[in-house]
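These are the residues of each chain, in order.
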There are 2 protein chains.
Amino acid sequence: MHNIMKIGIDILGIDNPERIINFVNNYKDSEVELYVYGLEETLIKITKTENIVKNVCTEEVYMSDDSARVHRKKKDSSMIRMLDDLKNQIIDVAITGGSTGAFMASSVFMIGRIEGISKPGLASLLPTRSDHKFLLTDLGANVEAKPDDLLNYAKLGQLYMKYIYNIETPSVALLNVGVEESKGNKVYKDAHKLMKAEVANFKGNIEGREILEHQFDIVVAEGFAGNVLLKTIEGVAKSLGKMIKGIFLQNLKTKIGALLVKKGINAFRKKFDYSEYGGAFLLGIKKPTIKVHGAADENALYYAVQQAKQIHKTKLYDIMIETMEKGE
Amino acid sequence: MHNIMKIGIDILGIDNPERIINFVNNYKDSEVELYVYGLEETLIKITKTENIVKNVCTEEVYMSDDSARVHRKKKDSSMIRMLDDLKNQIIDVAITGGSTGAFMASSVFMIGRIEGISKPGLASLLPTRSDHKFLLTDLGANVEAKPDDLLNYAKLGQLYMKYIYNIETPSVALLNVGVEESKGNKVYKDAHKLMKAEVANFKGNIEGREILEHQFDIVVAEGFAGNVLLKTIEGVAKSLGKMIKGIFLQNLKTKIGALLVKKGINAFRKKFDYSEYGGAFLLGIKKPTIKVHGAADENALYYAVQQAKQIHKTKLYDIMIETMEKGE
């Protein structure tokens, strides 16, 4: 049992804790020991007995908490207890569904940044119209990014895509307001120059217009624009989905029409259900922390745990530390 | 014939000039005299004889031209000749389908900024899932915006929505990475404070997630994020449209399904065909210039001319100048 992985799950913060409990109780994996963190009333419902460690906490992190202070003010919360165990090498990877702000700030404060990284960036895998998926970063962790930050997100993103998805030299594009090199504000123009000089397989700029059509492995964005991009994709997909549903429900004729295309529409929905892509994670900190959606279900948790396993097995974060410290 | 409006149309820059020619030849409106600007070979095809003034130009503005120099380097191009006539009060409003960069730079250089405006912003009307439409600004004219710029876009946008759409006190929201007041970078935080203090009916922040669901009259964004938002809405709507089409064309069963919902799908498409909303325009210059899409058709041109008429009739730009100069 020496090589067993220890994966932490903060079971507060998920909208429906029953889903985590179901997932934990049914998860069978001899390679993994699950460390669960939560209030006693929830942990008591966990009936799994093998490969499980329950950590009873007395506090909970709320969305309304000041993100930057949670790690000092709520030391016995499930999120902070878990991150503390990660810091002290009791667990290998930490997964939470709690407040993104608290997750990001506490991860940075408690786990620490890789040398050379001034502000870590949030990253997540996203779908395109084809089967191709890409890593988008930064999703909003750093809304005052400097060109060096964007360069580092490109480099760290490449390591993620190389080690987790076996892409030898992942391609990188920069989100911008036009495809020409001279586009954007000063931060973007300087970032473009840096990436052109230092990032292997840098493909230049990409516009929001092409975001579901391209074949790049990584799209780098400044945090504000990256956040707008992410939320607009989600928002537009959701709104259009509602419009299509409205069209289908109009009358008997359209309802029959809907039945005839049901299979395709379900596949379409599945594509924009990101849960199979794992959670979001911070690029630039020393140990892996994963943020799943507050609305995460058993499926989303399953994939987050698989992602955690991959990250741990490939020693990705050690490689990130080494690479950045060598200044490559 | 004293009160006839003179509306300029730059007939180069539109992907399909036949469409402009068709539009011009068939446009009957005793209130409007059309001033058309183009190469002789195109103007010769215009057979309309009443209320038309043809301006034969010898140069054309290309996408590849340096936007900031076009007004000096291509003085006999259709775009610059038209803007020169606008400046000299020969025409009242100028409409072009040419390069957005050249359009913006030349409009600012040749027409001039309203006192108190340091960098004009680009604005356009956009649809939501309901019948509600909203003005989005800045769409990318100013990618180094200061808080004051955003405040001015809010104020000028309110005048546009008040005088063109008869909304007494148009509501304003700020595009941001979260709804809380403290969200965003320094520019956004400061802009939020300014707008809260100075903009009547300011509603706070909006996220990309809600962009097709809200009921605000104006959404103000910093130019970079506004451009990403606009292009992502267009891009995602287009990509999802292709996916739906793919689902419908899969087999005989789905093709029958498609026929049954055809009417609703066409209405859906029409909503995301922005041509009926008029063109984009610059907020913060002294006279009205309108930019239609390069892919504009007769319909889009018709609505741009109606928009130009409304702007002229309401004396909107004079009101904007007065309001800003009074510092209101």
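Here, residues in each chain are numbered from 1, in the same order as that chain's written sequence. Think of it this way: whatever chain is written first is A, whatever ligand is written first is 1, and the rest follow in order. Local features in this predicted model are restricted to residues whose pLDDT is 70 or higher, and side-chain atom pairs enter the listing and the counts only when it is 80 or higher, whereas totals over whole chains, interfaces and linings include all residues. Side-chain numbers here rest on the full set of heavy atoms in the structure, without hydrogens or water.

Some remarks on the packing of aromatic side chains
In this description, an aromatic ring pair is defined by two values, namely the gap between the centres and the angle between the planes.
For step 1, the next point in the chain: Only rings of Phe, Tyr and Trp enter the pairing, Trp through its six-membered ring, and a pair is recorded when the two centres are within 6.5 Å. The plane angle decides the type: under 30 degrees is stacked, over 60 is edge-to-face, the rest tilted. Tallying each qualifying case throughout the model produces 12 aromatic pairs over all chains.
For step 2, the next point in the chain: Each member of the aromatic cluster is reached from another via a ring pair, and the members are Phe 23, Tyr 27, Tyr 302 and Tyr 303 of chain A.

Details of the side chain of Thr 96 of chain A
Residue and element names in this part refer to chain A.
For step 1, the next point in the chain: We count a stretch as a helix when DSSP gives it H or I for four or more residues in a row; a strand needs E for two or more, and each element gets its number in order from the N terminus. Secondary-structure assignment places Thr 96 in strand 4 (residues 93-96).
For step 2, the next point in the chain: Any pair of N or O atoms that falls within 3.5 Å is considered a polar contact. Within protein, one atom must be able to donate a hydrogen and the other to accept it, and sequence-neighbouring residues count only if both atoms are side-chain atoms. Of note is the side chain of Thr 96, whose polar atom sits 2.6 Å from the side chain of Asp 10.
For step 3, the next point in the chain: Note on contacts: a residue pair is in contact if any heavy atoms of the two residues lie within 4.5 Å. When near neighbours in sequence (up to four residues on either side) are disregarded, Thr 96 contacts Asp 10, Met 79, Met 82, Phe 103, Ile 290, Lys 291 and Val 292.

Examining the sheet that holds strand 11 (residues 289-291) of chain A
All names here are of chain A.
For step 1, the next point in the chain: Reading across from one edge, 3-2-1-4-11-10-5-6-9-7-8 is the order of the 11 strands in this open sheet, with mixed pairing throughout. Edge positions in the sheet fall to strand 3 (52-57) and strand 8 (202-206), since each of these pairs with one other strand and no more. Put simply, the sheet's adjacent strands are angled 25° from each other on average, direction ignored.
For step 2, the next point in the chain: Strand pairing follows a simple DSSP-based rule, namely that at least 2 bridges must link the two strands. Here strand 5 (residues 121-127) runs beside strand 6 (residues 133-137); their pairing, made up of 5 bridges, is antiparallel. Bridge assignment links Pro 127 to a residue of strand 6, and that residue is Lys 133.
For step 3, the next point in the chain: Running over the sheet, helix 4 (residues 78-87) touches strand 1 (5-10), strand 2 (32-39), strand 3, strand 4 and strand 11 and is turned about 165° from strand 4. In this description, a line fitted to the C-alpha atoms serves as the axis of each element, helices being fitted only across the stretch in contact, and the angle between N-to-C directions of two axes falls anywhere from 0 to 180 degrees.

Structural notes on the pairing of strand 5 of chain A
Walk down a regular strand and you will see the side chains alternate between the two sheet faces.
Residues and elements named next belong to chain A.
For step 1, the next point in the chain: With 7 of 7 residues buried, strand 5 is to be regarded as a mostly interior element.
For step 2, the next point in the chain: Alternating residues of strand 5 divide into Gly 121, Ala 123, Leu 125 and Pro 127 and Leu 122, Ser 124 and Leu 126, and every residue in both groups is buried.
For step 3, the next point in the chain: Bridge analysis of strand 5 against strand 10 (residues 280-283) gives 3 bridges, and the strand direction is antiparallel. Residue pairing across strands places Leu 122 opposite Leu 282, the latter belonging to strand 10.
For step 4, the next point in the chain: Hairpin connection, strand 5 to strand 6: the antiparallel pair is bridged by 5 residues. Throughout, exposure labels follow a simple rule: accessible area from a 1.4 Å probe, protein chains only, divided by the maximum for the residue type, with under 20% read as buried, over 50% as exposed, and the rest as partly exposed.

What to know about the interface of chain B and chain A
For step 1, the next point in the chain: At the junction of the two partners, chain B supplies 48 residues and chain A supplies 48 residues.
For step 2, the next point in the chain: Summing both sides of the interface, chain B and chain A together bury roughly 4,500 Å²; the carbon and sulfur share of this comes to 75%.
For step 3, the next point in the chain: Put simply, a salt bridge is a Lys or Arg side-chain nitrogen that is within 4 Å of an Asp or Glu carboxyl oxygen. Counting across the chain B and chain A interface gives 6 salt bridges.
For step 4, the next point in the chain: The salt bridge partner of Glu 213 of chain B is Lys 242 of chain A, with a shortest N-O separation of 3.9 Å.
For step 5, the next point in the chain: Taken together, the links from chain B to chain A amount to 14 residue pairs in polar contact (both at pLDDT 80 or more).
For step 6, the next point in the chain: Sorting the residues of the side of chain B that touches chain A by element identifies helix 7 (186-198), helix 8 (223-248) and helix 9 (252-271) of chain B as the ones contributing at least two each.
For step 7, the next point in the chain: Considering every element that reaches the side of chain B that touches chain A, the biggest residue donor is helix 8 of chain B, with 19 residues.
For step 8, the next point in the chain: Basically, the charged four are Asp, Glu, Lys and Arg, the nonpolar ten are Ala, Val, Leu, Ile, Met, Phe, Trp, Tyr, Cys and Pro, and anything else, Gly included, counts as polar. Split by residue class, the side of chain B that touches chain A holds 24 nonpolar, 13 polar and 11 charged. For any pair of parts, buried area is found by adding up, for both, the accessible area (1.4 Å probe) each one loses once the two are put together.

Regarding a positive patch on the surface
Residue and element names in this part refer to chain A.
For step 1, the next point in the chain: Grouping into patches uses exposed residues only, defined as over 30% relative accessible area, and leaves out salt-bridged ones; the cut-off is 9 Å for like charges and 5 Å for nonpolar side chains (Val, Leu, Ile, Met, Phe, Trp, Tyr). Note on areas: Shrake-Rupley, 1.4 Å probe, and residue coverage restricted to the protein chains presented here. Under the convention used here, Asp and Glu are negative, Lys and Arg are positive, and both His and the chain ends fall outside the count. Charge positions come from single atoms, namely NZ of Lys, CZ of Arg, CG of Asp or CD of Glu. Residues Arg 72, Lys 73, Lys 75 and Lys 87 make up a contiguous surface patch of positive charge.
For step 2, the next point in the chain: Tracing the sequence through the fold places Lys 75 in the loop between helix 3 (70-73) and helix 4.
For step 3, the next point in the chain: On the accessibility criterion, Lys 75 (57% relative accessible area) is exposed.

Some remarks on helix 8 of chain B
All names here are of chain B.
For step 1, the next point in the chain: Expected span, for any helix, means 1.5 Å times one less than how many residues it has. Relative to the 38 Å expected for 26 residues at 1.5 Å per residue, helix 8 spans 37 Å between its end C-alpha atoms, a close match to the ideal helical length.
For step 2, the next point in the chain: In terms of residue burial, helix 8 counts as a mostly covered element, since 20 of its 26 residues are buried.
For step 3, the next point in the chain: By the N-cap criterion, in which a side-chain oxygen at the helix start approaches the backbone nitrogen of a residue two or three places on, helix 8 is capped by Glu 222, the distance to Phe 224 being 2.7 Å.

A word on the sheet that holds strand 6 (residues 133-137) of chain B
All names here are of chain B.
For step 1, the next point in the chain: Pairing in this open sheet of 11 strands is mixed, and the strands run 3-2-1-4-11-10-5-6-9-7-8 from one edge to the other. What marks the edges here is a single partner per strand, and that holds for strand 3 (52-57) and strand 8 (202-206). Strand after strand, the sheet turns through a mean of 25° between neighbouring axes, direction not considered.
For step 2, the next point in the chain: Where strand 1 (residues 5-10) and strand 4 (residues 93-96) come together, 4 bridges link them in parallel fashion. If you follow Ile 9 over to strand 4, its bridge partner there is Ile 95.
For step 3, the next point in the chain: In the packing of helix 5 (residues 100-111) onto the sheet, contacts are made with strand 4, strand 5 (121-127), strand 10 (280-283) and strand 11 (289-291), and the angle to strand 11 comes to roughly 175°.

Topic: the pattern of salt bridges
For step 1, the next point in the chain: All told, the structure shown has 34 salt bridges over all chains when counted by the stated rule.
For step 2, the next point in the chain: The partner of Asp 65 of chain B in a salt bridge is Lys 74 of chain B, and the shortest N-O contact between them spans 2.9 Å.
For step 3, the next point in the chain: Asp 65 of chain B sits in the buried class, given a relative accessible area of 18%.
For step 4, the next point in the chain: Three or more residues joined by partner-sharing salt bridges are found here, namely Asp 29, Glu 31, Lys 309 and Lys 313 of chain A.

Topic: the domain arrangement of chain A
Residues and elements named next belong to chain A.
For step 1, the next point in the chain: The domain boundaries here were taken from an automatic or database domain assignment. For chain A, the assigned domains read domain 1 (1-117 + 284-327) and domain 2 (120-273).
For step 2, the next point in the chain: Distance from the C-alpha centre of domain 1 to the C-alpha centre of domain 2: 25 Å.
For step 3, the next point in the chain: In this complex, domain 1 contributes 18 residues to the contact, which on the side of domain 2 involves 10 residues.
For step 4, the next point in the chain: Of the roughly 1,400 Å² buried between domain 1 and domain 2, counting both surfaces, carbon and sulfur atoms make up 77%.
For step 5, the next point in the chain: When the buried area of domain 1 at its contact with domain 2 is split by residue, Met 104, Leu 316 and Met 324 rank highest and sum to 29% of it.
For step 6, the next point in the chain: Scanning the region where domain 1 abuts domain 2 turns up 0 salt bridges.
For step 7, the next point in the chain: On the surface where domain 1 and domain 2 come into contact, there are 2 residue pairs in polar contact (both at pLDDT 80 or more).
For step 8, the next point in the chain: Those elements that place two or more of their residues in the side of domain 1 that touches domain 2 are helix 5 (100-111), helix 11 (298-313) and helix 12 (316-325).
For step 9, the next point in the chain: Top element by residues in the side of domain 1 that touches domain 2 is helix 12. It accounts for 5 residues.
For step 10, the next point in the chain: A per-class count over the side of domain 1 that touches domain 2 returns 10 nonpolar, 7 polar and 1 charged.

Digging into unusual backbone geometry
All names here are of chain A.
For step 1, the next point in the chain: With an omega of 10°, the peptide bond between Thr 137 and Asp 138 qualifies as cis.
For step 2, the next point in the chain: Within the secondary structure layout, Asp 138 lies in the loop between strand 6 and helix 6 (147-165).
For step 3, the next point in the chain: Backbone geometry places Gln 89, a non-glycine residue, at a positive phi of 60°.
For step 4, the next point in the chain: Tracing the chain through its elements places Gln 89 in the loop between helix 4 and strand 4.
For step 5, the next point in the chain: One non-glycine residue, Asn 166, lies in the positive phi region at around 55°.
For step 6, the next point in the chain: Of note, Asn 166 is situated in the loop between helix 6 and strand 7 (172-175).
For step 7, the next point in the chain: On the accessibility criterion, Asn 166 (67% relative accessible area) is exposed.

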